Amino acid sequence: MKFAVLVFPGSNCDIDMYHAIKDELGEEVEYVWHTATDLSDFDGILVPGGFSYGDYLRCGAMANQSNIMAEVKKAAEAGKPVLGVCNGFQILTEAGLLPGALLRNKNLKFMCRTVQLKVENNNTLFTNQYEQGQTINIPIAHGEGNYYCDEETLQALKDNNQIVFTYSGENPNGSLADIAGIINERGNVLGMMPHPERAVDALVGGADGLAVFKSIVKQWRENHVNN
Ligand SMILES: NC(=O)CC[C@H](N)C(=O)O
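Rules of the game
Residues numbered from 1 in each chain as written. Predicted model: local features only at pLDDT ≥ 70, side-chain atom pairs only at ≥ 80, totals over all residues. Heavy atoms only, no water. Patch = residues over 30% accessible without salt bridge, like charges linked within 9 Å, V, L, I, M, F, W, Y side chains within 5 Å. Areas by Shrake-Rupley, 256 points an atom, 1.4 Å probe, with all protein chains shown as cover. Salt bridge = Lys/Arg side-chain N within 4 Å of Asp/Glu carboxyl O. Helix = DSSP H or I, 4+ residues; strand = E, 2+ residues; numbered from the N terminus. Buried < 20%, exposed > 50% of the residue type's maximum accessible area, 1.4 Å probe, protein only. Near = heavy atom within 4 Å. Polar contact = N/O pair within 3.5 Å; in protein donor to acceptor, adjacent residues only side chain to side chain. UniProt positions renumbered as here; feature names shortened; annotations may be inferred. Contact = heavy atoms within 4.5 Å.

Undergrad: Would you explain a nonpolar patch on the surface in this entry?
TA: Together, Tyr 56, Leu 57 and Met 62 give the surface a local cluster of nonpolar side chains, amounting to about 370 Å² of exposed area. Examined against the element boundaries, Leu 57 turns out to sit in the loop between β3 (44-47) and α2 (68-77).

Written out as C-alpha cells, the structure is:
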C-alpha cells in the first residue's frame, strides 16, 4: 500500500507520520509538497499535524487554499482512505470533507499531554484493529481542538455512528459530546485531534496509535487481494 504524507509550510508531524508507515508498518510512503497537483498514484492520504501557514486566520484555513486540496477531495470521492490528524483534521473541516469546526480550547491554552480516548466505533477502516469500547492513551498537542457543530449535525453524527473517538474521563478542550475524532458518512475520511503517529512505539511512551495505521492497511489489503 502506498501512502502520501502531505507537507504544508509549517507542518511538523509529517516526519512522525512517515516514520509510522515506513518503519513501523514497512509500507510505501512519500512526502508530497502542497503545490503538487496529482495524488492519483497513492492509495491512502495522510494530512499531518502542525502549524500550517502559522495558523494565520484560523488553523487550517490557508492550507485549504493549496493546490493539493483539490486532489485530496478527488481521492476522498474515489473512496481512498484520508486521515487528518490535528492540523490535518482542522484542514479537512475547512475543506468541507468533514462537518463541524475546531474552536479554541476552552481554557484558551495550548495543551500538550497524553489523554485517554474511548474507541466508540471499531467498525471503520481506521479502527478495525481496536476493540469496541477500548480505552487507549494518545498524546494531544493543540490550541484549537474544541470540536463544535450544530445540533442537527451532532444528531447526524450520532445516528450514523460517525463519532469514532471520544475523550474518556477528562475532556481537555471543551469538545462537544467529548468528540476527539469523527468520520465522514461514507466512512473513508477520518479526522482526529489526538496524534496516533506519536504513539507507535513503546520506547517513546506507548504504541496505542499504531492500530489506526494497521487498520487502514488491513482493510486495503482485503480489498486489493492481489497487491
Ligand atoms: N499539533 C497540531 O497539529 C496543532 C494544530 C494547530 N496548530 C493547533 O494548535 O490547534
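Undergrad: Help me understand helix α3 (residues 87-94) in this model?
TA: At 3.6 residues per turn, the α-helix brings residues three or four places apart onto the same side. Most of α3 is tucked away, with 7 of its 8 residues classed as buried. Turning to α3, its buried residues are Asn 87, Gly 88, Phe 89, Gln 90, Ile 91, Leu 92 and Thr 93. Backbone geometry just downstream of α3 places Gly 96 in the positive-phi region, at approximately 75 degrees.

Undergrad: It is not clear to me how the site of the ligand should be interpreted in this structure. Could you clarify?
TA: Looking at the ligand, there are 14 residues lining it, with Gly 50, Asp 55, Cys 86, Ala 141 and Gly 143 nearest. Backbone polar atom of Gly 50 to an oxygen atom of the ligand: 2.7 Å apart, as the coordinates give it. Between the ligand and the protein, one listed contact pairs a nitrogen atom with a side-chain N or O atom of Asp 55 at 2.7 Å. Protein coverage of the free-state accessible area of the ligand, which is 300 Å², stands at 98%. For the shell around the ligand, the elements supplying multiple residues, two or more each, are α3 and β7 (135-142).

Undergrad: Which parts of the structure should I look at to understand the UniProt feature "active site" (unreviewed entry) in the protein?
TA: In the numbering used here, UniProt assigns the "active site" (unreviewed entry) feature to Cys 86, His 195 and Glu 197. A maximum C-alpha distance of 10.8 Å places the annotated residues, which cover 112 residues in sequence, within one compact spot. Other than its neighbours up to four places away in sequence, His 195 contacts Cys 13, Gly 49, Val 85, Cys 86, Ile 138, Pro 139, Ile 140 and Ala 141. Tracing the chain through its elements places Glu 197 in the loop between β11 (189-192) and α5 (210-223). Its relative accessible area of 2% is what places Glu 197 among the buried residues. Excluding anything up to four places from it in sequence, Glu 197 contacts Cys 13, Asp 16, Met 17, Val 85 and Phe 213. Separated by 2.7 Å, the side chains of Glu 197 and His 195 make a polar contact.

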